[in-house]
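# Summary of the model geometry
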Amino acid sequence: MSENFLNKKIREMERVNKKGDIFSFFFNRTKKYDEKVKAFLEILNYKEAIPYGLKDNILCIGAKTTCGSQLLKNYNSTYDATVVENLRKYGFEPLGKTNMDEFAMGSSTENSSFFPTRNPWNTERIPGGSSGGSAAAVASGLVPFALGSDTGGSIRLPAAMCGIVGYKPSYGLVSRYGLVAFGSSLDQIGPFTRCIEDTHSVIKMIASKDEKDSTSENFEIKDLATTDLKKIRIAIPREMVDYEGLDEGVKESFYLFVEELEKNGVKINYVNIPSLKYVIATYYLIAPGEASSNLSRFDGVRYGKRNDKSNYEDMVNLFRDSGFGIEVKRRILLGTFTLSSAYYDAYYRKALKVRRIIKKEIDKIFENNDFIINPTSPVIAPYLNQITDPLTYYLMDYYTISANLIGAPAISLPIKRVENMPVGLHIMSKRFMDNELLSFANRIQNLSPSFKNGFFELPDGGEKYV
Amino acid sequence: MFRTIIGLEIHAQVMSKTKAFCSCPADVFEKKPNTLICPVCTGQPGALPVLNEEVVCLALKGALALNCEINKKSSFDRKNYFYPDLPKGYQITQFFKPIAENGFLIIDDQNGKEKKIRIRRLHIEEDAGKLLHIGSENISESTGSYLDLNRCGVPLIEIVTEPDMSSPEEAKIFMEALRDNLKVLNVCSGDMEKGALRCDANISVVDEEKNYSSNRVEVKNMNSFKFVEKALFYEKERIIDELKKGHDVKFETRSWVMPDKKTVSMRSKEKENDYRYFPEPDLPPLFVSDEKIEIIKASLPELPRDKKLRFIEEYNIPEYDAGVLSSDLLIANFFEEVAKYTNRPKESSNWIMGEVLRMIKEENLDLENSFLSKELFQDLFKLMDGKIISSKMAKDVLDYALKEKKLPSVIVEEKGFKQVEDTELITKIIQEAIKKNQKAVDQYKSGKKNVIGYFVGAVMKETKGKANPETVNEIAKEMLEK
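This structure is a prediction, so every number in the text was calculated from the model and none was measured.

### Focus on the interface of chain A and chain B
Taken together, the 40 residues of chain A in the interface contact 32 residues of chain B. Across the interface of chain A and chain B, roughly 2800 Å² is buried in total on both sides, 57% from carbon and sulfur atoms. For the chain A face of the interface with chain B, the top three residues by lost area are Ser214, Arg297 and Tyr312 of chain A, together amounting to 22%. Inspection of the region where chain A meets chain B yields one salt bridge. Across the contact surface, chain A and chain B share 20 residue pairs in polar contact (both at pLDDT 80 or more). Of all elements in the fold, only helix H9 (279–294), helix H10 (312–323), helix H11 (326–339) and helix H12 (345–368) of chain A reach the threshold of two or more residues within the side of chain A that touches chain B.

### Regarding the environment of Lys482 of chain B
One can find Lys482 of chain B in the segment after helix H15 (469–480). Here Lys482 of chain B falls in the exposed class, since its relative accessible area comes to 74%.

### Quick look at the domain arrangement of chain B
Under the domain assignment used here, chain B contains domain 1 (2–291), domain 2 (300–415) and domain 3 (423–480). A straight line from the C-alpha centre of domain 1 of chain B to that of domain 3 of chain B covers 62 Å.

### Considerations on the pattern of salt bridges
All names here are of chain B. The full count for this structure, using the stated rule, is 60 salt bridges over all chains. Its salt-bridge partner being Glu126, residue Lys88 comes within 2.8 Å of it at the nearest N-O pair. Here Glu126 lies in strand S7 (residues 114–126) and Lys88 lies in the loop between strand S4 (77–80) and strand S5 (90–93), a separation of 38 residues in the sequence. Here Lys88 and Glu126 have matching classes, each one buried. Here Lys194 ties to Asp191 by a salt bridge, and the two come within 3.8 Å at their closest N and O atoms. Through salt bridges with shared partners, a single ionic network connects Glu302, Lys307, Arg310, Glu314, Glu336 and Lys340.

### Some thoughts on the environment of Leu232 of chain B
Residue and element names in this part refer to chain B. Locating Leu232 in the fold gives a position in helix H3 (residues 225–244). Once the C-alpha coordinates of Leu232 and Glu169 are considered, the two residues, 63 residues apart in sequence, prove to be 8.7 Å apart. Among all residues touching Leu232, those that are not within four sequence positions of it are Ile6, Pro168, Ala171, Ala201, Ile203, Val219, Met222 and Phe227.

### Describing helix H14 (residues 452–462) of chain B
All names here are of chain B. Three or more residues of H14 are buried, namely Ile452, Phe455, Val456 and Val459. Projected down its long axis, H14 shows its buried positions confined to an angular sector of 100°, all on one face. Contacts from the buried residues of H14 go to helix H12 (423–436), helix H13 (438–445) and H15. Backbone geometry just after H14 places Lys464 at a positive phi near 55°.

### Observations concerning the side chain of Gln44 of chain B
Residue placement: Gln44 of chain B occurs in the loop between strand S1 (2–13) and helix H1 (53–65). Within the structure, Gln44 of chain B has its side chain in polar contact with the side chain of Thr42 of chain B (distance 3.4 Å). Residue contacts for Gln44 of chain B: discarding those within four places in its chain leaves Tyr75, Thr78, Tyr79, Arg297 and Tyr303 of chain A together with Pro39 of chain B.

### Re the packing of aromatic side chains
Within this structure, the stated rule accounts for 37 aromatic pairs over all chains. An angle of 70° between the planes, with centres 5.7 Å apart, marks the rings of Tyr348 of chain A and Phe278 of chain B as edge-to-face. Highlighted residues: Tyr348 of chain A in helix H12 and Phe278 of chain B in strand S16 (residues 278–279), drawn from two different chains. The same class applies to Tyr348 of chain A as to Phe278 of chain B, namely buried. With a centroid separation of 5.0 Å and an interplanar angle of 75°, the aromatic rings of Phe95 of chain B and Phe96 of chain B are classed as edge-to-face. When the ring centre of Tyr275 of chain B is taken as origin, the NZ or CZ atom of Lys79 of chain B, which lies over that ring, is 4.3 Å away. The ring centre of Tyr444 of chain B lies 4.7 Å from the NZ or CZ of Lys449 of chain B, which sits over that ring.

### What about unusual backbone geometry?
Cis geometry marks the peptide bond from Gly129 of chain A to Ser130 of chain A; its omega dihedral reads 5°. Looking at the element boundaries, Ser130 of chain A is found in the loop between strand S3 (92–98) and helix H4 (132–139). Not every positive phi belongs to a glycine, and Asn186 of chain B is a case in point at roughly 60°. Its place among the elements puts Asn186 of chain B in the loop between helix H2 (168–184) and strand S11 (197–207).

### Notes on the sheet that holds strand S4 (residues 146–150) of chain A
Residue and element names in this part refer to chain A. Overall, mixed pairing links the 11 strands, which are arranged S1-S3-S2-S4-S6-S5-S10-S11-S9-S7-S8 in an open sheet. Every interior strand has two partners, whereas the edge strands, strand S1 (40–43) and strand S8 (267–271), have only one. Sheet twist, expressed as the average angle between the axes of neighbouring strands with direction ignored, equals 30°. Sheet topology note: the S4/strand S6 (residues 188–193) ladder contains five bridges and is antiparallel. Bridge pairing in S6 links Asp150 to Gln188.

Parameters and conventions
Throughout, residues of each chain are indexed from 1 in the direction in which the sequence is written. Chains carry letters and ligands carry numbers; both start at the beginning, A for chains and 1 for ligands, and go up in the order they are written. A pLDDT threshold of at least 70 governs which residues receive local features in this predicted model, and a stricter bar of 80 or more applies before side-chain atom pairs are shown or counted, although totals over entire chains, interfaces and linings include all residues. Excluding hydrogens and water, the side-chain values take into account all heavy atoms of the structure. We call two residues in contact when some of their heavy atoms are within 4.5 Å. When two parts are brought into contact, each loses some accessible area as probed by a 1.4 Å sphere; the total of that loss over both is the buried area. Every case where a carboxyl oxygen of Asp or Glu lies within 4 Å of a side-chain nitrogen of Lys or Arg is listed as a salt bridge. As used in this structure description, the phrase polar contact means that two N or O atoms lie within 3.5 Å; if the pair is within protein, one of them must be able to donate a hydrogen and the other to accept it, and residues adjacent in sequence are counted only when both atoms belong to side chains. The numbering of helices and of strands both runs from the N terminus, where a helix is a DSSP run of H or I of at least 4 residues and a strand a run of E of at least 2. The rule is simple: take the accessible area with a 1.4 Å probe, protein chains only, and divide by the maximum for that residue type; under 20% is buried, over 50% is exposed, in between is partly exposed. An automatic or database domain assignment provides the domain bounds reported here. The directions from the helix axis to the C-beta atoms form the arc being described. Here a Phe, Tyr or Trp ring, Trp counted by its six-membered ring, pairs with any other such ring whose centre lies within 6.5 Å, and the pair is stacked when the planes are under 30 degrees apart, edge-to-face when over 60, and tilted otherwise. Each ring is checked for a lysine NZ or an arginine CZ that lies within 6 Å of its centre and within 35 degrees of its normal; such an atom marks a charge sitting over the ring. DSSP calls a pair of strands paired once it identifies at least 2 bridges connecting them. Every angle, taken between N-to-C directions, lies between 0 and 180 degrees, and every axis is a line fitted to C-alpha atoms, over only the stretch in contact when it is a helix.

What follows is the structure, encoded as structure tokens:
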């Protein structure tokens, strides 16, 4: 077993607590407190292991993998995802499968077909999504860390809203084998943690060049290095801070933190990235296109309940119509349309082209800057059922989507709170500059007023476990 | 005058050890259903494809043998459609950028004329599973269906020709030539009956007087070389009939129905699926280096047509024989071995074309593991040269030699297979025959020379076929003309 930071702390905690084994400790906490936030869809009991939360779109033998969908509510994982195997080598087993927006489509976890997860800071509010269950589990201290998946911000947004660290690694760093695909060219697995050291520990364990995933890359996660802030140059896109949907409180918190960075010698450059205005359109052409294809395996022949329609076409239609939720159907229809031969050139092909242009423009920014920062979300966590218009949620992705489109790593960490709700800082670097990004984030985390005693604070009432 | 235009789309199962995108065995023919499967080929959620390098090499072999240009960068795409035998809901194929394009294959058409059939493209894709419908051949009329996913992910190369074939016979000849090539290359077993090689055709007919071209019809389900010709012949006639009536056929897909020996409509082209092709995000682009192309090029064996031309040249055997012998590598190699060792190419060819091929076909002779050898033929030829056995007897001797795994000379010794050269005995038998049938003698004398066969036959009967036919002939002739 590797003696990484996370392990050391857990061992120490085990010694201090003397409450039996570590798994039981978190297992009992989860049994007691999950009712409040409803982070888990299924709780497992491995004992003899160090627990973590696993988003329910990542396969693990012995557990179901429902993707938050009625359609897969009885689907037992048929194999282990590579990340699950990797963590097992270090003695980790999932404590449970965490709730999510159905097939990771959504930003609130309200689209789970089972029940919505609640924000530990205020249970009337959403935790963000789509990996809301994982975020809420970590922010409630139910697990030391959790894995989520991020296609357009699904790790970073809930991390920001729940006041913890969320990291989407460079595309290709972590194997996607065993992650139920949403947008295959955008999806990436990453951790939710309560400090950057833990983020670093987890990514070190899960990152691997996997022969089962042709898009995975050989990349070495190095030890966290000391970052000299005086040498750091940071870009802030004007399009993002001047965005009309940006909440005043969030904006203020962001600028306060920027000031703090400047005080510490960081050089701030305000830049223009004109193509940013196309990121949402581009994303909502590419991701649903890929999703419409990825989800076509759910045709009622092998998964879910077989209906008794006498003909194949009716059987498929009834199954998909009654099985998928409204948001999933909306995206499948959108994707099917944009991929259709008559519209492919006008939409999908054009989106691929714009994606390349966005990458070019952002790469240019990185020629003179180490990182691009912005608020992770334009708003603090909304109340449950507050937002009914899907477009409002789509626009929320504005701050996170470009990292997926260009395959870059990005991390969200808590800065100040507004209305006692966490606000996240989003830091993005060039693809495969993950080591530099983590080192920088590690250096600045203690500049955040929410960072106390080596961890980002848990909400009031959240039982401290260290 | 009507001119037929045919283009083919061929799917060939690639003989790699494992499937195209996972490590399940690729040889699934008649294996227990749903035993050669894994999360990848059954499309379990979260499973990802990984391209099999061997499939790439085999596709390149095929492409180079078909004189294609190799795309140094090609890519994979998804072809989306719903069908129960397609567990992912899409097939991984190469739509936008195939691994190879712009090739050709030279064939000898039904008149022995050289003809170049252009290859538009060759690409890698995966096979679907297999459905067995209960109560009907077709899914909508069956009461239920069994699904075998073993074949899912079996690698295929799809070869698309230009519409360069001008008759059903030519289409068949092309398919056979393609099969011979793919077999020699070890790319595909070429077995159409087992579905290892499949072919769809597009056919149209031009009325040259009216300068009118018919709609194009796609014909499917032609699962043998013979049916390629038969189905296309049927279709050609059907189109010509319509044109003669001043009508045209529908732009549609038709299926060859074997028991009825006709094609029937499957669906109109307007009702075809929109396959929503888009780049496969799970597979990076496929790069092929110049070095790799050179290595594979250098490893290509002599192709059947080159071999045929060489056989004609080198062994001075008829074109037909050369064509048959060169179409199968095992047979071709065996022929060359025997021809060179015995230094009698013409007879070697005759024996292999006749007896050996008959035994392979009728008696399932396994050439590689049989007792047949160049030494055996050398021995057999010697026995015939020395007039110890006749060529007729040689066939029986060969049978025994293979059955008992002994050289012909040993068989001859043991079984007393010696040719009867005993002129006294032969003369005696003929004398008897003359006495018994004076009428035949008269007929012979009046000019009906072929009556001699009666007397030769009599000798053969008495000697149980062991008399040397030449000797018998000579003696009988002499005696009858006395």
